[in-house]
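Residues per chain are reported as follows:
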Amino acid sequence: MSLDPAQFREPLLALYSDLDEEIRRLAPVCELSGRCCRFEEYGHTLFLSAPEAALLIADAPSPTRPLDDGATCPWQDTQGRCSARDARPIGCRVYFCDPLYQDHAPLVSEAFIGRLKALVEALELPWDYAPLHRHLRPFFEAAPQGDAPSINLVVMNEISDFDRT
Ligand code: SF4
(Lines give C-alpha, C1' and ligand atoms only; values in the text may rest on other atoms or scores of the structure.)
Protein backbone atom coordinates (compact mmCIF):
# COMPACT_ATOMS: atom_id res chain seq x y z
CA MET A 1 0.00 0.00 0.00
CA SER A 2 1.33 3.46 -0.90
CA LEU A 3 1.01 6.18 1.67
CA ASP A 4 0.85 9.89 0.91
CA PRO A 5 2.98 11.64 3.57
CA ALA A 6 0.96 14.83 3.03
CA GLN A 7 -1.78 13.08 5.04
CA PHE A 8 0.31 13.00 8.22
CA ARG A 9 3.56 14.99 7.71
CA GLU A 10 2.58 17.87 9.98
CA PRO A 11 1.49 15.87 13.06
CA LEU A 12 4.32 13.37 12.66
CA LEU A 13 6.95 16.12 12.45
CA ALA A 14 5.34 17.74 15.52
CA LEU A 15 5.68 14.42 17.37
CA TYR A 16 9.35 14.18 16.28
CA SER A 17 9.92 17.73 17.50
CA ASP A 18 8.47 16.91 20.94
CA LEU A 19 10.66 13.81 21.09
CA ASP A 20 13.76 15.81 20.18
CA GLU A 21 12.88 18.26 22.95
CA GLU A 22 12.63 15.41 25.46
CA ILE A 23 15.99 14.05 24.30
CA ARG A 24 17.53 17.54 24.69
CA ARG A 25 16.18 17.61 28.25
CA LEU A 26 17.77 14.25 29.06
CA ALA A 27 20.98 15.30 27.26
CA PRO A 28 22.52 11.92 26.38
CA VAL A 29 26.07 12.16 25.01
CA CYS A 30 26.66 11.22 21.35
CA GLU A 31 30.29 10.53 20.43
CA LEU A 32 29.46 10.06 16.73
CA SER A 33 30.58 6.44 16.80
CA GLY A 34 28.00 5.65 14.11
CA ARG A 35 27.17 2.33 15.77
CA CYS A 36 23.44 3.21 15.98
CA CYS A 37 23.27 2.83 12.20
CA ARG A 38 25.44 -0.33 11.87
CA PHE A 39 22.72 -2.65 13.05
CA GLU A 40 24.27 -6.07 12.55
CA GLU A 41 27.69 -5.12 13.93
CA TYR A 42 26.14 -3.84 17.16
CA GLY A 43 23.32 -6.37 17.46
CA HIS A 44 20.19 -4.31 17.01
CA THR A 45 17.44 -3.80 14.45
CA LEU A 46 15.76 -0.52 13.53
CA PHE A 47 11.99 -1.02 13.51
CA LEU A 48 9.65 1.65 12.24
CA SER A 49 6.02 2.02 11.26
CA ALA A 50 4.69 2.47 7.74
CA PRO A 51 4.04 6.24 8.14
CA GLU A 52 7.55 6.82 9.51
CA ALA A 53 8.99 4.88 6.58
CA ALA A 54 6.88 6.79 4.05
CA LEU A 55 8.03 10.14 5.47
CA LEU A 56 11.66 9.02 5.51
CA ILE A 57 11.47 7.88 1.89
CA ALA A 58 9.66 11.02 0.73
CA ASP A 59 11.64 13.67 2.62
CA ALA A 60 15.19 12.33 3.02
CA PRO A 61 17.80 12.99 0.34
CA SER A 62 18.75 10.02 -1.83
CA PRO A 63 20.60 7.38 0.20
CA THR A 64 24.38 7.50 0.17
CA ARG A 65 24.84 3.72 0.01
CA PRO A 66 23.04 0.67 -1.40
CA LEU A 67 20.44 -1.23 0.58
CA ASP A 68 21.66 -4.44 2.25
CA ASP A 69 19.75 -7.14 4.13
CA GLY A 70 19.47 -5.14 7.33
CA ALA A 71 23.15 -4.91 8.37
CA THR A 72 23.37 -1.12 7.98
CA CYS A 73 21.35 1.95 7.05
CA PRO A 74 21.74 3.32 3.51
CA TRP A 75 21.60 6.91 4.82
CA GLN A 76 24.76 6.60 6.92
CA ASP A 77 27.50 8.57 5.16
CA THR A 78 31.18 7.65 4.93
CA GLN A 79 31.92 9.57 8.15
CA GLY A 80 29.30 7.53 9.99
CA ARG A 81 26.82 10.41 10.16
CA CYS A 82 23.13 10.38 9.26
CA SER A 83 22.27 12.05 5.96
CA ALA A 84 18.52 11.87 6.69
CA ARG A 85 18.38 13.61 10.07
CA ASP A 86 15.21 15.68 9.64
CA ALA A 87 13.20 12.69 8.40
CA ARG A 88 14.66 9.95 10.58
CA PRO A 89 12.17 7.83 12.56
CA ILE A 90 11.59 7.53 16.31
CA GLY A 91 14.02 4.61 16.73
CA CYS A 92 16.90 6.74 15.43
CA ARG A 93 16.00 9.71 17.60
CA VAL A 94 15.77 7.64 20.79
CA TYR A 95 18.91 5.52 20.40
CA PHE A 96 22.11 6.70 22.14
CA CYS A 97 25.10 4.71 23.36
CA ASP A 98 25.56 6.86 26.50
CA PRO A 99 25.48 4.40 29.46
CA LEU A 100 23.93 7.07 31.71
CA TYR A 101 20.94 7.32 29.37
CA GLN A 102 20.13 3.61 29.09
CA ASP A 103 17.45 3.63 31.83
CA HIS A 104 15.62 6.46 30.08
CA ALA A 105 15.57 5.04 26.57
CA PRO A 106 12.80 2.42 27.05
CA LEU A 107 10.54 4.92 28.82
CA VAL A 108 10.98 7.60 26.16
CA SER A 109 10.54 5.03 23.43
CA GLU A 110 7.37 3.61 24.98
CA ALA A 111 5.84 7.07 25.46
CA PHE A 112 6.46 8.22 21.90
CA ILE A 113 5.57 4.92 20.24
CA GLY A 114 2.31 5.18 22.20
CA ARG A 115 1.71 8.67 20.80
CA LEU A 116 2.54 7.47 17.32
CA LYS A 117 0.10 4.57 17.61
CA ALA A 118 -2.64 6.98 18.70
CA LEU A 119 -1.90 9.20 15.69
CA VAL A 120 -1.91 6.24 13.29
CA GLU A 121 -5.24 5.05 14.66
CA ALA A 122 -6.81 8.52 14.56
CA LEU A 123 -5.83 8.96 10.91
CA GLU A 124 -6.66 5.32 10.04
CA LEU A 125 -3.17 4.68 8.67
CA PRO A 126 -1.46 1.28 8.44
CA TRP A 127 0.91 0.41 11.29
CA ASP A 128 3.12 -2.30 9.74
CA TYR A 129 5.92 -2.07 12.30
CA ALA A 130 8.88 -3.73 10.56
CA PRO A 131 12.68 -3.53 10.09
CA LEU A 132 13.97 -0.64 7.97
CA HIS A 133 15.24 -2.74 5.07
CA ARG A 134 11.84 -4.39 4.69
CA HIS A 135 10.15 -1.03 4.21
CA LEU A 136 12.86 0.14 1.81
CA ARG A 137 13.18 -2.96 -0.39
CA PRO A 138 10.23 -2.20 -2.74
CA PHE A 139 11.49 1.34 -3.38
CA PHE A 140 15.08 0.28 -4.09
CA GLU A 141 13.90 -2.50 -6.39
CA ALA A 142 11.76 0.02 -8.29
CA ALA A 143 14.71 2.43 -8.80
CA PRO A 144 16.05 2.59 -12.38
CA GLN A 145 18.75 -0.03 -13.07
CA GLY A 146 22.29 1.25 -12.53
CA ASP A 147 21.13 4.44 -10.81
CA ALA A 148 21.77 5.32 -7.21
CA PRO A 149 18.26 4.82 -5.86
CA SER A 150 16.47 8.12 -6.21
CA ILE A 151 13.61 7.03 -4.03
CA ASN A 152 12.12 10.51 -3.77
CA LEU A 153 11.23 10.11 -7.42
CA VAL A 154 10.01 6.56 -6.93
CA VAL A 155 7.72 7.50 -4.08
CA MET A 156 6.23 10.33 -6.12
CA ASN A 157 5.49 7.83 -8.88
CA GLU A 158 3.93 5.49 -6.33
CA ILE A 159 1.79 8.31 -4.97
CA SER A 160 0.69 9.24 -8.48
CA ASP A 161 -0.26 5.63 -9.16
CA PHE A 162 -2.13 5.53 -5.88
CA ASP A 163 -4.02 8.73 -6.73
CA ARG A 164 -5.05 7.28 -10.07
CA THR A 165 -6.68 4.20 -8.52
S1 SF4 B 1 18.13 7.15 9.28
FE2 SF4 B 1 20.02 8.15 9.96
S3 SF4 B 1 20.09 7.83 12.21
FE4 SF4 B 1 18.60 6.39 11.36
S5 SF4 B 1 19.76 4.50 11.06
FE6 SF4 B 1 19.79 5.65 9.11
S7 SF4 B 1 21.69 6.86 9.15
FE8 SF4 B 1 21.26 6.16 11.25
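Going by the structure above, here's the rest.
First, a word on what this report is: a plain description of the structure on this page. (Residues numbered from 1 in each chain as written. Predicted model: local features only at pLDDT ≥ 70, side-chain atom pairs only at ≥ 80, totals over all residues.)

Re helix α1 (residues 9–26)
An α-helical turn contains 3.6 residues, so a residue and the one three or four places further along point in the same direction.
Inference 1: When the terminal C-alpha atoms of α1 are compared, their 26 Å separation across 18 residues agrees well with the 26 Å that a helix rising 1.5 Å per residue should span.
Inference 2: Following α1 by one or two positions, Ala27 adopts a phi angle in the positive range, close to 55°. (Helix = DSSP H or I, 4+ residues; strand = E, 2+ residues; numbered from the N terminus. Expected span 1.5 Å × (residues − 1).)

With respect to the nonpolar core
Inference 1: One finds Ala54, Leu55, Leu56 and Ile57 to be the most contacted residues of the largest nonpolar core, which totals 22 residues.
Inference 2: Counting only elements with at least two residues in this core, the list comes to α1, α2 (50–59) and α5 (132–142).
Inference 3: When residues in this core are grouped by element, the largest group, 6 residues, is from α2.
Inference 4: Those residues within four positions of Ala54 in sequence are excluded, and the remaining contacts are Leu3 and Pro5.
Inference 5: Ile90, Val94, Leu116 and Val120 belong to the second largest nonpolar core, which has 5 residues in total. (Core = buried A, V, L, I, M, F, W, Y, C linked by C-beta atoms within 7 Å. Buried ≥ 20, exposed ≤ 12 C-beta atoms within 10 Å, placed from the backbone. Contact = placed C-beta atoms within 7 Å.)

Thoughts on α2
Inference 1: Counting buried residues along α2, 8 of its 10 residues qualify, which places the element largely inside the surrounding structure.
Inference 2: Of all the residues in α2, the buried ones are Pro51, Glu52, Ala53, Ala54, Leu55, Leu56, Ile57 and Ala58.

Regarding the packing of α1 against helix α4 (residues 105–122)
Inference 1: Where α1 meets α4, the closest approach of the two axes is 11 Å, and the angle between their N-to-C directions is 170°. The angle between the axes of α1 and α4 places the two elements in the roughly antiparallel class. Relative to α4, the crossing made by α1 is right-handed. Contacts between α1 and α4 involve Pro11, Leu12, Leu15, Leu19 and Glu22 on the former and, on the latter, Val108, Phe112, Arg115, Leu116 and Leu119.
Inference 2: Its residues assigned to classes, the contact of α1 with α4 comprises 8 nonpolar, no polar and 2 charged. (Axes fitted to C-alpha atoms, helices over the stretch in contact; angles between N-to-C directions. Parallel < 35°, antiparallel > 145°, perpendicular 65-115°, else oblique. Left-handed = near helix turned anticlockwise from the far one by under 90°. Nonpolar A, V, L, I, M, F, W, Y, C, P; charged D, E, K, R; others polar.)

Describing the site of the ligand
Inference 1: In the vicinity of the ligand, the contacting residues are Cys36, Cys37, Leu46, Cys73, Trp75, Gln76, Cys82, Ala84, Arg88 and Cys92.
Inference 2: Its residues assigned to classes, the shell around the ligand shows 8 nonpolar, 1 polar and 1 charged. (Near = placed C-beta within 6 Å.)

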